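Structural features, examined
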Amino acid sequence: MGEEKHMCPKDSEKPAIAGGPKACRVPWEKAKRYGEEELSQLKEALGQGTLFYSQGKKVSALESAMAKKYGMNYAIAASSGTTAIHSAIIAAGISPGEEVLVPPVTDMGTLVPILWQGAVPVFVDLEPDTYEMSPEAAEAAITPKTKAVIAVHLWGNPCDMDALEALCKKHDLMLIEDCAQAWGAVYKGRPVGTMGAMGCFSLNEFKHISCGDGGLTVTQDEQLARRLRLATDKCYSREANVAIRQPRFLANNYRMTELQGAVSLAQFEKLDSIVARRGAWCEKLSEGLAGAKCITLPRHTKGAEPSWWFYMFRVNEEVAGVSTDEFAEALQAEGLPVAPHYIGEPMYRYPVFKDHSAYDRGEHPFSRMDYSKASCPVAEKILKTCIQFAANEGWSEENLREAVEGILKVDRWFAEKAG
Ligand SMILES: *Cc1c(COP(=O)(O)O)cnc(C)c1O
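Given the structure is predicted, the values throughout are model-derived calculations rather than measurements.

Each value, and the rule that gives it
Residues numbered from 1 in each chain as written. Predicted model: local features only at pLDDT ≥ 70, side-chain atom pairs only at ≥ 80, totals over all residues. Heavy atoms only, no water. Helix = DSSP H or I, 4+ residues; strand = E, 2+ residues; numbered from the N terminus. Rg over C-alpha atoms; globule rule 2.2 N^0.38 Å. Buried < 20%, exposed > 50% of the residue type's maximum accessible area, 1.4 Å probe, protein only. Areas by Shrake-Rupley, 256 points an atom, 1.4 Å probe, with all protein chains shown as cover. Lys, Arg positive; Asp, Glu negative; His and termini not counted. Charge placed at Lys NZ, Arg CZ, Asp CG, Glu CD. 1 Å grid on protein atoms, 1.4 Å probe; cavity = no way out; pocket = protein on both sides within 12 Å on 5 of 7 lines; lining within 4 Å. Points joined across faces, edges and corners; volume = space filled by probe spheres on them. Nonpolar A, V, L, I, M, F, W, Y, C, P; charged D, E, K, R; others polar. Phe/Tyr/Trp six-rings, centres within 6.5 Å; stacked < 30°, edge-to-face > 60°. Near = heavy atom within 4 Å. Polar contact = N/O pair within 3.5 Å; in protein donor to acceptor, adjacent residues only side chain to side chain. Pairing = 2+ DSSP bridges. pLDDT = per-residue confidence, 0-100. Contact = heavy atoms within 4.5 Å. Salt bridge = Lys/Arg side-chain N within 4 Å of Asp/Glu carboxyl O.

On to the overall build of the chain. Per the secondary structure count, the chain includes 15 helices and 14 strands. For 419 residues, the compact-globule estimate of 2.2 N^0.38 gives 22 Å, and the C-alpha radius of gyration of the chain, at 23 Å, lies within 12% of that figure. Dimensions along the principal axes, computed over C-alpha positions, put the chain at roughly 85 × 50 × 40 Å. Buried positions account for 53% of the 419 residues belonging to the chain. When the accessible surface of the chain is split by element, carbon and sulfur atoms take 52% of a total near 18600 Å². Treating the 47 positive side-chain charges of the chain as one cloud and the 56 negative ones as another, the clouds have centres 4 Å apart.

Let us look at empty space enclosed by the protein. It is a probe the size of a water molecule, rolled over the atoms, that shows where empty space is left. Scanning the model with the defined rule gives 1 cavity of 30 Å³ or more in all. Its boundaries defined by the atoms lining it, the largest cavity holds a volume of some 40 Å³. Around the largest cavity, the lining residues are Y53, V59, A77, R229, T232, Y254, R255 and M256. Of the residues that constitute the lining of the largest cavity, the class distribution is 5 nonpolar, 1 polar and 2 charged.

With that settled, the discussion passes to the packing of aromatic side chains. Enumeration according to the criterion identifies 21 aromatic pairs in this entry. With a centroid separation of 4.9 Å and an interplanar angle of 50°, the aromatic rings of F310 and Y342 are classed as tilted. With a gap of 32 residues between them, F310 in strand 12 (residues 310-315) and Y342 in the loop between strand 13 (338-340) and helix 13 (351-354) connect regions that are remote in the sequence. What makes F310 buried here is its relative accessible area of 2%.

Turning next to the site of the ligand. Taken together, 15 residues surround the ligand, and among them G81, T82, D178, S202 and K207 come closest. The contact in question runs from an oxygen atom of the ligand to an N or O atom on the side chain of K207, over 3.0 Å. Protein burial of the ligand: of its 380 Å² of free accessible surface, 93% is covered by the chains. Counting residues per element, the ones that place at least two in the shell around the ligand are helix 4 (81-91) and helix 5 (108-116). No other element matches helix 4, which puts 3 residues into the shell around the ligand. Taken together, the residues of the shell around the ligand sort by class into 3 nonpolar, 9 polar and 3 charged.

The next thing to look at is the layout of surface pockets. One number sums up the size of the largest pocket: a volume of about 370 Å³. Around the largest pocket, the lining comprises 18 residues; the ones closest to its centre are K30, F206, R278, A391 and N392. Tallying contributions element by element places strand 14 (residues 386-390) first for the lining of the largest pocket, with 3 residues. The residue makeup of the lining of the largest pocket, split by class, is 9 nonpolar, 3 polar and 6 charged.

Glancing now at the sheet that holds strand 7 (residues 190-191). Picture the strands of a sheet paired through backbone hydrogen bonds; they go either parallel or antiparallel. The antiparallel open sheet is built from 3 strands, whose spatial order is 7-6-11. Because the sheet does not close on itself, it has two edges, and the strands there are strand 7 and strand 11 (304-305). In this sheet, strand 11 lies alongside strand 6 (residues 186-187) in antiparallel orientation, the contact comprising 2 bridges. For Y187, the partnering residue across the bridge sits in strand 11 and is A304.

A few words now on the confidence of the model for the chain. With 97% of its residues at a pLDDT of at least 70, the chain reaches an overall mean of 95. Note that pLDDT drops below 50 for residues 1-6; the model gives that stretch 6 contacts with residues more than four away or on any other chain.

Okay, helix 4 next. Burial analysis of helix 4 places 10 of its 11 residues in the buried class, the great majority of the element. For helix 4, the side-chain oxygen to backbone nitrogen distance between the N-cap and T82 is 3.3 Å, and the N-cap itself is S80. Within two residues after helix 4, G93 carries a phi angle of roughly 80°, on the positive side.

Take the pattern of salt bridges next. One pass over the full model with this rule turns up 23 salt bridges. The partner of E393 in a salt bridge is R278, and the shortest N-O contact between them spans 3.0 Å. One end of the pair, E393, is in the loop between strand 14 and helix 15 (397-418); the other, R278, is in helix 10 (residues 271-288), and 115 residues separate them in sequence. Residue E393 shares its accessibility class with R278, and that shared class is buried.

And the structure:
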């Protein structure tokens, strides 16, 4: 069966790397991000005569819209996702030498705030098919110095929050959610960002919604909200009745400007539609690829509705008979927007950790950790065999048909060659 096809495939069935036609004929056109809505908000912001957050109305309107949408008491804006996370870490009271549990596959924006605070990141392995932090591995990594867990909802897929919440409760740890990649994702009916003590979001150019650079943190807790606000503004209180400023703790200038607030307000209106379009496209991609032999499709966490910041699958190299790089090259030859290995190496292999080179001289508390001995075998295997497929709300039905056709063609080719 399939023997003749295997021996001499028709040209149209050959992948592009073997001289067949490219599967992708229509261009991959990303949706236009900014338009009249943003322009009109910007005009209003400029018309205010001030671009300072505590004097204008845009940042506070954005914070109110965010808090309302997420059903939270407070939302505090920041200058980026990274600074939102740092303000959460400051608000949580994380201090030098204390440990924070993090996944080894994320953006440096999750890690930089921990290091800057003088705290020590401890890397926790992932679940093989959801790519999220393993609650069992997290529990095993807890020491008397552990103070917080950052749950990173990678690729828009929520972490196993029931397990992480229980763990943090049991060990009295602060649970902070990094929702930079997960705008609009939901876990068992609850939006991500609303389950931890604080939920941090990014508005950088590449996230679901953007103002160029910006961040937001939500919380239900009044005390945390007060500290978050101070943590973004040099520990200065802008309340009208506080005349003398005497900062009580170390805080940077992480303020959002009215220009960022204005653009974010316009973007906020588009969020639901962006999340819905990405979700529908990526779910259909998974349906179309269900029969593939050489790849393992992404699986969302039980009870989760992911929001697909990107789509990532893994190559079963034994079945394909080729390396992930060769498989990715074949997909790229079809014209597909894919790249192998995501961040390449787990974070603990980065020089800053391995060589403790955060600062030129002097001791940082993380120097007590030997990151060259860190080992997250599941994360390492995921990075070795994963292929990232760019997601975008602008991808069309034709893009989808060609993506499925191209991936299945390459999949069949290698599966049959490997026999
Ligand atoms: C983008 C991102 C950040 C940092 O956000 P910035 O706005 O770029 O500072 C943090 N964590 C994750 C998981 C991200 O993807």
